[in-house]
2 protein chains.
Amino acid sequence: MRDVVVIGVGMTKFGELWAKSLRDMFVESALKAIQNSGVDHIDSMYVGTISGGLFVGQEHLGAVLADYLGVNPIPASRVESACASGGVAFRQAFLEIASGQSDIVLAGGVEKMTDGADVTEVLATAADQEYEIYHGITFPGLYAMIAQAHMHQFKTTHRQLAAVSVKNHKNGSKNPNAQFRSEITIDKVLNSTLVADPLRLLDCSPVSDGAACVVLCSMELAKKLSKNSIKVIASAQASDTIALHSRESLTTLKSVTIAAEKAYKQAKIKPSNVNFAEVHDCFSIAEIVVSEDLGFFDKGSGGAAVEKGLTSIDGGKIPINTSGGLKSKGHPVGATGIAQIIELYEQLTGQAGERQVKNAHIGLAQNMGGSGASCVIHILEAV
Amino acid sequence: MRDVVVIGVGMTKFGELWAKSLRDMFVESALKAIQNSGVDHIDSMYVGTISGGLFVGQEHLGAVLADYLGVNPIPASRVESACASGGVAFRQAFLEIASGQSDIVLAGGVEKMTDGADVTEVLATAADQEYEIYHGITFPGLYAMIAQAHMHQFKTTHRQLAAVSVKNHKNGSKNPNAQFRSEITIDKVLNSTLVADPLRLLDCSPVSDGAACVVLCSMELAKKLSKNSIKVIASAQASDTIALHSRESLTTLKSVTIAAEKAYKQAKIKPSNVNFAEVHDCFSIAEIVVSEDLGFFDKGSGGAAVEKGLTSIDGGKIPINTSGGLKSKGHPVGATGIAQIIELYEQLTGQAGERQVKNAHIGLAQNMGGSGASCVIHILEAV
């Protein structure tokens, strides 16, 4: 396999972007990424989005967005693995360059969620329609069951769940692209509206519009271009049962443990070598479970870890979601996996400003679909 | 790039499969392909489908179908480029093996179109929603404009268009998996219901359910398995403007000419070296335009060619759509690109029965999305 690097990034601000269409947002982020990378063309592109059809009545978004970006006739495909669509777009771009078929590929993600669709209903198409959704449960309920099980089995407390949201809002307050730049308190989380017991409104990531793009190229080409480049040292993906009820355990996500094992093996590192991570905190409990399944903390101790500040930017064992995560930065579904890569790139090139992690050499991005039926993990290293 | 081969295929019959769900169909075809290939596992899988969300309320079909096939935790992603989704799934599987990350990958496609959705409305999401669909035009109308332009510019006749459908029904009558196994006549086409002038009902491919899968592996591994293997000697893709009105010409499809040029270059062959082809005959005019744009006939002479029998199985210059094509075999959108590969595999391994093309060594599959905004071309060779 050829070595592959990231050489440029660009994203829109995340939020309720009433004045921007899906096409506008994608083009804005893609142009920023292309300009940031300094390349004069791209060979191919991938777009991650969960459901252009249900959200805005437009499928075929690979071709649509290549057209609006003005880059046709290059190959342009859309990929989808629910909320892991962005991670899959990045992975396909990586594989295409690694294979030798292309040298420069743009990987992007976009979602327009505030245009009138019933968001919870659309997102529910990422769970098992026949055995979960048909019976009335949607994602807050599925993650609430994971939270209940974790609290029961490991004495995880709601204060610990709340600490995830508090930390992520603190980080997001330093991110100019974040949807919510306000800090919050434990009490504010605990007193927010109950959504699905024990998850309250401030345990849940928001509904967002936004787009994010990165440009990847072969290491060989990056050397010629003399660009700031960050190497992709692992790309791993795994799946699990679509329905939560089919799993042996509710407190561990098998797709995460398996993808992580593969990723660490590819990168030839251990979890302790990772300096910081972006993980898929669609709900506060998700960050806790994932931080354990990635091997950063023993199973059952993720709640205590965040409460003790071990995942904070300063003085933590491993800073998690320095960007603000899905909770504060926002979660325009298809864009999320790419925005995670952007945070890795900014940290690893020392451009994260107030959020900068000291001595950041290796970063990990974990992007997840459904209640963990899909997981994509990338590890990037400053070279 | 590593050499990649196809080692096994499987598909459902195409048609109105009222008794089979999307999951049933995919699993049936995947199990057939796995059994046919003789492998004891797969490393990864891709699923092409245009809109699980709009057709059956289920996105995240990579994970869903890996689960129902019983192969999780392997990586499983869904890809979409409208009616070219199957071709893109095959391409991603090819790239993943070529890169060296996986050895055995399943590429599949599936669509359940007869479950109550408004099919024309769903398919229209593959055109430009803002500038085409909003104004009331859908795909029959878009291809009718292409037909009008071709008839005006090159004196192509409706009898020539009809000859495409007649030939494809004749071929399909010999295909046990085809939706329509009845032969038709020129007069029957010319007297069928008018859909969008000049296209009549029998100029149009049908609404279908169905699934198709193939197993790909590295050439190296295929040699160890001593399997009947067919080499992928080209994988090329291109895009064009999403809206028809943005193009310089209505009578040539730029995505086809560009993907074809790349494919012939990769395969180191000329159009005249291709022994037979499966092309995207969503409407009769599409086969004529594509047969020209692939370089099989001079621009403007595709209509005369089919009328003279040059694209028939027996005695033709280049047999086209020996499977029956989308017109007779059926067009379950996501499955179509994979079913084309299956026809290539069966022809190149001498298993096409009554449809067998004599001396078939090199076959080409051309799969298209929208009114040609996406095109994926694969060339396969018996080795």
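Fair warning: this is a prediction, and the values are worked out from it, not measured in the lab.

Rules used in this analysis
- Residues numbered from 1 in each chain as written.
- Chains lettered and ligands numbered in written order.
- Predicted model: local features only at pLDDT ≥ 70, side-chain atom pairs only at ≥ 80, totals over all residues.
- Helix = DSSP H or I, 4+ residues; strand = E, 2+ residues; numbered from the N terminus.
- Rg over C-alpha atoms; globule rule 2.2 N^0.38 Å.
- Expected span 1.5 Å × (residues − 1).
- Buried ≥ 20, exposed ≤ 12 C-beta atoms within 10 Å, placed from the backbone.
- Contact = placed C-beta atoms within 7 Å.
- Axes fitted to C-alpha atoms, helices over the stretch in contact; angles between N-to-C directions.
- Parallel < 35°, antiparallel > 145°, perpendicular 65-115°, else oblique.
- Left-handed = near helix turned anticlockwise from the far one by under 90°.
- Nonpolar A, V, L, I, M, F, W, Y, C, P; charged D, E, K, R; others polar.
- Pairing = 2+ DSSP bridges.

### Describing the overall build of chain A
Looking only at helices and strands, chain A features 14 helices and 11 strands. In terms of overall size, chain A behaves like a compact globule, its C-alpha atoms giving a radius of gyration of 19 Å where 383 residues would be expected to give roughly 21 Å. In terms of principal-axis extent, the alpha carbons of chain A reach across some 55 × 45 × 40 Å.

### Quick notes on helix α1 (residues 22–37) of chain A
All names here are of chain A. With 16 residues, α1 extends 23 Å between its outermost C-alpha atoms, agreeing within 8% with the 22 Å of an ideal straight helix rising 1.5 Å per residue. For α1, every residue scored as buried is listed here: L22, R23, M25, F26, V27, E28, S29, A30, A33, I34 and S37. Buried-residue contacts for α1 involve β1 (4–11), α2 (52–56), α3 (61–69), β4 (104–112) and β7 (209–218).

### Thoughts on the packing of helix α1 (residues 22–37) of chain B against helix α3 (residues 61–69) of chain B
All names here are of chain B. Contact pair α1 / α3: the axes reach a minimum separation of 10 Å and the direction vectors enclose 60°. Taken together, the axis directions place α1 and α3 in an arrangement best described as oblique. α3 is crossed by α1, and the crossing has right-handed handedness. The residues of α3 that touch α1, namely those facing R23, F26, V27 and A30, are L65, Y68 and L69.

### Overview of the interface of chain A and chain B
Quoted interface sizes are often the accessible area lost when the parts come together. If you look at the interface, chain A gives 49 residues, while chain B gives 49 residues. Elements supplying a minimum of two residues to the side of chain A that touches chain B: α2, α3, β3 (76–80), α4 (85–99), β8 (230–239) and α10 (254–267) of chain A. By residue number, the principal contributor to the side of chain A that touches chain B is α4(A), which donates 6 residues. For the side of chain A that touches chain B, the per-class residue count stands at 20 nonpolar, 22 polar and 7 charged. Judged from the 3 bridges that link them, β3(A) and strand β3 (residues 76–80) of chain B form a sheet pairing that is antiparallel. Paired with E80(A) across the two strands is R78(B), which belongs to β3(B).

### Some points on the environment of L31(B)
By the element assignment, L31(B) lies in helix α1. Taking the C-alpha atoms as reference, L31(B) lies 7.8 Å from L69(B); in sequence the two are 38 residues apart.

### As for the pairing of strand β11 (residues 374–382) of chain A
Residues and elements named next belong to chain A. Of all 9 residues in β11, 7 are buried, a share of seventy percent or more. Relative to β11, β8 runs antiparallel, the two sharing 9 bridges. Note on β11: the bridge partner recorded for S235 is H378. Looking at chain direction, strand β10 (residues 362–369) and β11 are connected through 8 bridges and run antiparallel. Looking at the pairing, Q366 lines up with I377 of β11. The turn linking β10 back onto β11 is made up of 4 residues, and G370 within it adopts a positive phi angle of 65°.

The values are spatial; any link to function lies outside them.
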